[in-house]
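Examination of the molecular architecture
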Amino acid sequence: MKQPFQIAVERHGATVLRVCRATLGAGPDADDAWSETFLAALRAWPDLDEDTNVEAWLVTVAYRKAVDLARARARRAVPLDPLPEAPTTDDGDAFFWWDAVAALPERQRLAVACHYLGGLPHAETAELIGGSPAAVRRAAADGIAALRRRFDSIEGILP
Amino acid sequence: MTDLFPVSDSSLAELRGRLATEAASAGLLELRVRTVDSPVGPLLLAATGSGLVRVAFEREGFDVVLQSLADRVSPRILEAPGGLDDAVRELDEYFDGCRTSFDLPVDHALSAGFRATVQAFLPHIAYGRTLTYKEVAQRVGNPNAVRAVGTACATNPLPIVVPCHRVLRSDGSLGGYLGGLDAKRTLLDLESR
């Protein structure tokens, strides 16, 4: 790949962060997965085919890094409790939404991460997270429906 | 859909800064780039491990410049927000009028042949002085190569630091400049104060 790596970081940095946050919850683990994704990508970059779909490739790398991190976290026996309630940050990120994603059942969360946030087709999502494309399609749709319901129910109390 | 899943610019900027640091310590960062403001408009600075390799004006198109660096040096390019501090400091001092020559480590990877010879000569034109294209051709031992001197100045990968703005036409007019004639005039005015 002869494209300046910086351009890939600018173009796809947000997508990769969404996939990491949806998979791991918004926080330091997602940030670590983001870093590891782009470091691995930078290592492979000069040898990458020119016609690679860079975003899809980065999303698969991000998903694998996130899963590795989740496994490492499990080995360290850090409890996988739901994230603390709506942590607010002063940097403008609406962490509420990441909490809502984190609260989804795992299959739905992963399908939402890869398909809706990462833009992967259902077939590629299925290859990554396992299961059939049809099941992945259903899980992604159910996940989004659950998020919509939650959004509707809290809309009235948002400022 | 993704509007519902916000990531802030500040989060991403922080992550990008961290990536540049980690990539550098892993030996994966072959080109660091940074943009700075200056009296001649935004400048893109690029450095390899050996030193400053490129200074670009905004009118060249930073994306075009990045692509050409990727093609000619390495595609392992990252923005390094805290990097290139020495270059930024020396340029600031120059634009403040308190620096008359640069002593930065410089990488001449983008220059070759006669152009490299001319570009290596240019820093010998003293601050505040000018030569004509013809005089430069004479000084580098090739008095007939006036046009080639013009090309060497026009393709100087390190403008300002390598002072091609100090070369004018024989009739005293400005000649050309990669950063535009206004930029060339600004630099010459600065040096005549």
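Along each chain, numbering runs from 1 in the same order as the chain's sequence is written. Whichever chain is written first is A, and whichever ligand is written first is 1; the rest continue in order. In keeping with the predicted nature of the model, local features appear solely for residues at pLDDT of at least 70, side-chain atom pairs appear and are counted solely at 80 or more, and the whole-chain, interface and lining totals rest on all residues. Only hydrogens and water are set aside when side-chain values are computed; all heavy atoms of the structure are taken into account.

1. With respect to the overall build of chain B
Elements are defined by DSSP. Helices are runs of H or I of four residues or more, strands are runs of E of two residues or more, and each kind is numbered from the N terminus. Scanning chain B for helices and strands turns up seven helices and six strands. In sequence order, the secondary structure elements of chain B are arranged as α-β-β-β-α-β-α-α-β-α-α-β-α. Taken over the C-alpha atoms alone, chain B extends approximately 65 × 35 × 30 Å along its principal axes. A burial count over chain B gives 50% of its 193 residues as buried. Should any heavy atoms of two residues lie within 4.5 Å, those residues are considered in contact. Long-range contacts, defined here as pairs at least 24 residues apart, represent 60% of the contacts in chain B between residues at least 6 apart. Burial here depends on accessible area, computed with a 1.4 Å probe over protein chains only, as a share of the maximum for the residue type. Under 20% is buried, over 50% is exposed, and the range in between is partly exposed.

2. Some remarks on the UniProt feature "active site" (unreviewed entry) in chain B
Residues and elements named next belong to chain B. UniProt positions are given in the numbering used here, feature names are shortened, and annotations may be inferred rather than shown by experiment. Under the feature "active site" (unreviewed entry), the UniProt entry names Cys164. Of note, Cys164 is situated in the loop between helix H6 (146-154) and strand E6 (167-168). Ignoring any residue separated from it by four or fewer positions in sequence, one finds Cys164 in contact with Leu122, Cys153, Asn156, Pro159, Tyr177 and Lys184.

3. A few points about the UniProt feature "domain: RNA polymerase sigma factor 70 region 4 type" (unreviewed entry) in chain A
UniProt marks residues 99-144 of chain A with the feature "domain: RNA polymerase sigma factor 70 region 4 type" (unreviewed entry), using the numbering shown here. Annotation note: span residues 99-144 of chain A, helix share 78%, strand share 0%, distance between end C-alpha atoms 14 Å.

4. Notes on the layout of surface pockets
Residues and elements named next belong to chain B. Within this model, the second largest pocket holds a volume of roughly 230 Å³. Of all the elements in the fold, those that place two or more residues in the lining of the second largest pocket are helix H2 (62-72) and helix H4 (113-121). Tallying contributions element by element places H2 first for the lining of the second largest pocket, with four residues. Under the scheme applied here, ten amino acids are nonpolar (Ala, Val, Leu, Ile, Met, Phe, Trp, Tyr, Cys and Pro), four are charged (Asp, Glu, Lys and Arg), and all others, including Gly, are polar. In terms of residue class, the lining of the second largest pocket is built from seven nonpolar, five polar and four charged. We place a 1 Å grid over just the protein atoms. Points where a 1.4 Å probe fits but has no way out form a cavity, open points with protein on both sides within 12 Å along at least 5 of 7 lines form a pocket, and any residue with an atom within 4 Å of a point lines it. Grid points are joined across faces, edges and corners, and a volume is the space filled by probe spheres set on the points.

5. With respect to H4 of chain B
All names here are of chain B. What H4 keeps buried is the set Val118, Gln119 and Phe121. The buried residues of H4 all sit within an arc of 160° when viewed along its axis, so they share a single face. Against the buried residues of H4 lie strand E5 (131-132), helix H5 (133-139) and H6. Directions from the helix axis toward the C-beta atoms define the arc.

6. A closer look at H2 of chain B
Residue and element names in this part refer to chain B. Among the residues of H2, Phe62, Val65, Leu66, Leu69 and Ala70 are the ones counted as buried. For H2, the arc enclosing every buried residue in end-on projection is 140°, short of the 170-degree limit, so these residues lie on one face. Facing away from the buried surface of H2 by more than 90 degrees, the exposed residues are Asp63, Val64 and Arg72. Contacts made by the buried residues of H2 are with strand E1 (31-36), strand E2 (43-48), strand E3 (51-57) and strand E4 (77-79).

7. Observations regarding empty space enclosed by the protein
All names here are of chain B. Per the counting criterion, the structure on display carries one cavity of 30 Å³ or more. Taken as a whole, the largest cavity encloses approximately 30 Å³ of empty space. Looking at the largest cavity, the residues that line it are Val36, Asp37, Ser38, Leu43, Val88, Leu91, Asp92 and Phe95. At four residues, helix H3 (residues 85-95) tops the list of elements feeding residues into the lining of the largest cavity. When the residues that make up the lining of the largest cavity are grouped by side-chain class, the tally is five nonpolar, one polar and two charged.

8. Notes on the side chain of His122 of chain A
Tracing the chain through its elements places His122 of chain A in helix H6 (residues 122-129). In this structure His122 of chain A touches His115, Pro133, Val136, Arg137 and Ala140 of chain A, once residues within four positions along its chain are discounted.

9. Brief notes about the interface of chain A and chain B
How big an interface is tends to be stated in terms of the accessible area lost upon association of its parts. Each partner contributes residues to the interface: chain A has 36 residues there, and chain B has 27 residues. For the chain A and chain B pair, buried surface summed over both sides reaches about 3000 Å², with 68% attributable to carbon and sulfur atoms. Among the residues of chain A in contact with chain B, Lys2, Gln6 and Leu42 of chain A are the three that bury the most area, contributing 20% of the side total. By definition here, a salt bridge exists when the distance from a side-chain nitrogen of Lys or Arg to a carboxyl oxygen of Asp or Glu is within 4 Å. Linking Arg18 of chain B and Asp32 of chain A is a salt bridge whose minimum nitrogen-to-oxygen distance equals 2.6 Å. Only helix H1 (5-24), helix H2 (28-44), helix H4 (95-102), helix H5 (106-117) and helix H7 (133-155) of chain A provide two or more residues apiece to the side of chain A that touches chain B. Sorting elements by how many residues they give to the side of chain A that touches chain B places H1 of chain A first, with nine residues. Residues of the side of chain A that touches chain B, tallied by class, amount to 21 nonpolar, five polar and ten charged. By convention, the term buried area covers the 1.4 Å-probe accessible surface removed from two parts as they join, with the contributions of both added.

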